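The lines below spell out each chain.
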Amino acid sequence: MGGLRYHDKKRMNFVIKKGDADVFYEQLTLLYNFILHEWVEQGNKIENFNDCAAKVVIILDNASFHKRKDILEKIEKEMPNIIRKFLPPYSPDYNLIELVWHSAKEYIAHRLFESVEQLEELLNTPLLSLSGYN
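Quick look at the structure, then. (Residues numbered from 1 in each chain as written. Predicted model: local features only at pLDDT ≥ 70, side-chain atom pairs only at ≥ 80, totals over all residues. Heavy atoms only, no water.)

Thoughts on the overall build of the protein chain
In plain terms, the rule: Numbering goes from the N terminus for both helices and strands, where a helix is a DSSP run of H or I of at least four residues and a strand is a run of E of at least two. Here the term buried applies to any residue with accessible area under 20% of the maximum for its type, exposed to any over 50%, and partly exposed to those in between, with areas from a 1.4 Å probe on protein chains only. Residue contacts follow a heavy-atom distance rule, with two residues in contact if any of their heavy atoms lie within 4.5 Å. For accessible areas, the Shrake-Rupley method is used with a probe of radius 1.4 Å. Any residue's cover is judged against the shown protein chains and nothing else.
Within the protein chain, the regular secondary structure consists of five helices and four strands. Along the protein chain, helices and strands appear, N-terminal first, in the series β-β-α-α-β-α-β-α-α. Taken over 134 residues, the protein chain has a buried fraction of 30%. Long-range contacts, defined as pairs at least 24 residues apart, comprise 61% of the intrachain contacts of the protein chain with a sequence gap of at least 6. As displayed, the protein chain offers around 9,300 Å² of accessible surface, 55% of which is attributable to carbon and sulfur atoms.

Let's talk about helix α3 (residues 69-78)
This is how it is decided: Throughout, the arc means that of the directions going from the helix axis to the C-beta atoms.
Along α3, the positions that sit buried rather than exposed are I71, L72 and I75. Taken end-on, α3 shows its buried residues confined to a sector of 100°, consistent with a single buried face. For α3, the exposed residues set more than 90 degrees away from the buried face come down to K69 and K77. Contacts made by the buried residues of α3 are with α1 (21-41) and β4 (82-86).

Quick notes on the pairing of strand β3 (residues 56-60)
What counts is decided by this rule: Whether a crossover is right-handed depends on one test, that the path from the first strand over the helix to the second runs clockwise when the strands point away from the viewer.
Alternating residues of β3 divide into V56, I58 and L60, all buried, and V57 and I59, none buried. As for the winding sense of the linkage, the β-α-β connection from β3 through α3 to β4 is right-handed.

Things to note about the pattern of salt bridges
Test applied: Salt bridge, as used here, is a side-chain nitrogen of Lys or Arg placed within 4 Å of a carboxyl oxygen of Asp or Glu.
On inspection of all chains with the given rule, the structure shows three salt bridges. Two residues, R68 and D70, come together in a salt bridge whose shortest N-O distance is 2.6 Å. A residue is classified by how much of its surface remains accessible, and R68, at 33% relative accessible area, is partly exposed. D70 sits in the partly exposed class, given a relative accessible area of 36%. The partner of E76 in a salt bridge is R84, and the shortest N-O contact between them spans 3.2 Å. It is possible to trace a salt-bridge network through shared partners that takes in D22, R68 and D70.

Listed below in structure tokens is the structure:
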């Protein structure tokens, strides 16, 4: 699971055991906290974050776990800076992170891994270089 920030191409990715609404909420919370931490590091006051920080638009595919009602309500209540936009059905080419996933899949194709950790280590290499962060 991951995302790519448009203006500086910073990416965040998380290796997850399964994709469901609870994991989606957990990862979105990590993203929100990361952005909040960046805000404070830039010298801003935490209490001004919700009113003054930039809004974060999250582009989502139409996976059912992205649309679970109780999770959407929690996101709206707890993370007001997050704006969710859903892609039209069957249109992954509109989402920048799909370019990263495509390159990563090509990079790891036809390789055998002895462990999940070995896969994660290899996967982080192209993802970091694709986003310009080493």
